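Breakdown of the fold
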Amino acid sequence: MKALARYFLEQGCKVVIGDSPGGVFNAAYLKAVYRITGMEEVARETGAVLNYNTDTLQIDYAQGKKVRTMHVVKAMAEADVLISVAKLKTHGMMVYTGAMKNLFGAIPGVEKVQYHLRFPEYSDFAEALVDICFAIKPAYAIIDGIVGMEGDGPSGGNPRKVGALLGSADMAALDRVGAALIGLDVKEVLMLDAACKRGLLDADKFPEILGEKLEKLCVKDFVPSKSAAINMYAGKLPKFLEKWLDKRLKAYPLFDGPTCNGCGICAQNCPMKIIEIENKRPVAKLETCVSCFCCHELCPQKAINIKRGLIARILLRN
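Residues numbered from 1 in each chain as written. Predicted model: local features only at pLDDT ≥ 70, side-chain atom pairs only at ≥ 80, totals over all residues. Heavy atoms only, no water.

For Gly262, the location among the structural elements is in the loop between strand S9 (252-254) and helix H12 (265-268). In the structure, Gly262 is positioned 59 residues away from Ala203 in sequence and 45 Å away in space, judged by C-alpha atoms. Leaving out residues up to four positions away in the same chain, Gly262 has contacts with Ile277 and Lys280. (Helix = DSSP H or I, 4+ residues; strand = E, 2+ residues; numbered from the N terminus. Contact = heavy atoms within 4.5 Å.)

Turning our attention to the state of the cysteines. One way to say it: the disulfide is the covalent bond shared by the sulfur atoms of two cysteines. The final tally for this structure, using the stated rule, is 0 disulfides. Cys289 takes part in no disulfide bond, and the closest cysteine sulfur to it belongs to Cys292, at a distance of 6.5 Å. With relative accessibility at 14%, the residue Cys289 sits in the buried group. Unpaired in terms of disulfides, Cys292 finds its nearest cysteine sulfur in Cys294, a separation of 3.5 Å. (Disulfide = S-S within 2.5 Å. Buried < 20%, exposed > 50% of the residue type's maximum accessible area, 1.4 Å probe, protein only.)

A complete count under the given rule lists 5 aromatic pairs for this structure. On the basis of an interplanar angle of 85 degrees and a centroid distance of 5.9 Å, the ring pair of Phe104 and Tyr115 is categorised as edge-to-face. Highlighted residues: Phe104 in the loop between helix H5 (99-102) and helix H6 (111-118) and Tyr115 in helix H6, separated in sequence by 11 residues. A relative accessible area of 5% places Tyr115 in the buried class. Their ring planes at 40 degrees and their centres at 6.4 Å tell us that Tyr115 and Phe119 sit as a pair that is tilted. Note on accessibility: Tyr115 and Phe119 belong to one class, buried. One aromatic cluster in this structure is built from Phe104, Tyr115, Phe119 and Phe125. Positioned over the ring face of Phe104 is Lys112, at 5.9 Å from the centre of the ring. Above the ring of Tyr115, the side-chain terminus of Arg118 is found at 5.4 Å from the ring centroid. (Phe/Tyr/Trp six-rings, centres within 6.5 Å; stacked < 30°, edge-to-face > 60°. Lys NZ or Arg CZ within 6 Å of the ring centre and 35° of its normal.)

If you want it as structure tokens, here you go:
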């Protein structure tokens, strides 16, 4: 972010750094996020501006498959040039997160929860993410894979050095390369599969790469999230059999972390409202859990783990 800010400031641009993280979308919360992530320091050192404008506006996207009207962060929608800056990471729900998934940040704060409610099926949620990305139309995207995250990402995994910095004006092509870096194919990432079906990405033609050879940077033993393989049979089996397998293979949050302090953020951000705080500990009705892992992602204490059932652990061997 510091390098980007300096580059565009040298071109005479006004640089605004902004985010819309999960949770409340107000100036106080943004200030905490900017401080903790180091963005406050970047702004101070470079002269960039931090966005505290929490206004939203409605935009339409007639080509949308799942979302044709959406409320988005006004500062992002009205930027002259919008650049998505993502981290190369695994994701408990979407398997992989990069340039396209990063634009979910255009949806203000807690409104993200409504998308999980509307689209509990992973494939539908992936379609919605593609809609949001291409409705916002970022001019460019950068994926920081110098140090990525493996395991139970996007926030509870482990740092993993990859040594790659990726950039493109084509969001889908960029994510295909990012996914390939960590050993994932198009069919394994629902957002990429959705992009291919819309003609936004050619599954049979790998994007042209300028720079280092992909083979030199690929990490063959990159560790996926524990829930990363549950969608591999989608569309290949009868629906009744898919549902039967879903129930037995789906991963769930495990509320057993010794660092839990009973803050209640997991309960506040659960789309299904199945989490309650009892005696300063979260208690969840997992039979109605949709495995969106918002609780896992937003837990500030990293006290929530991901667990698969016995059948899944045997089949997937981890």
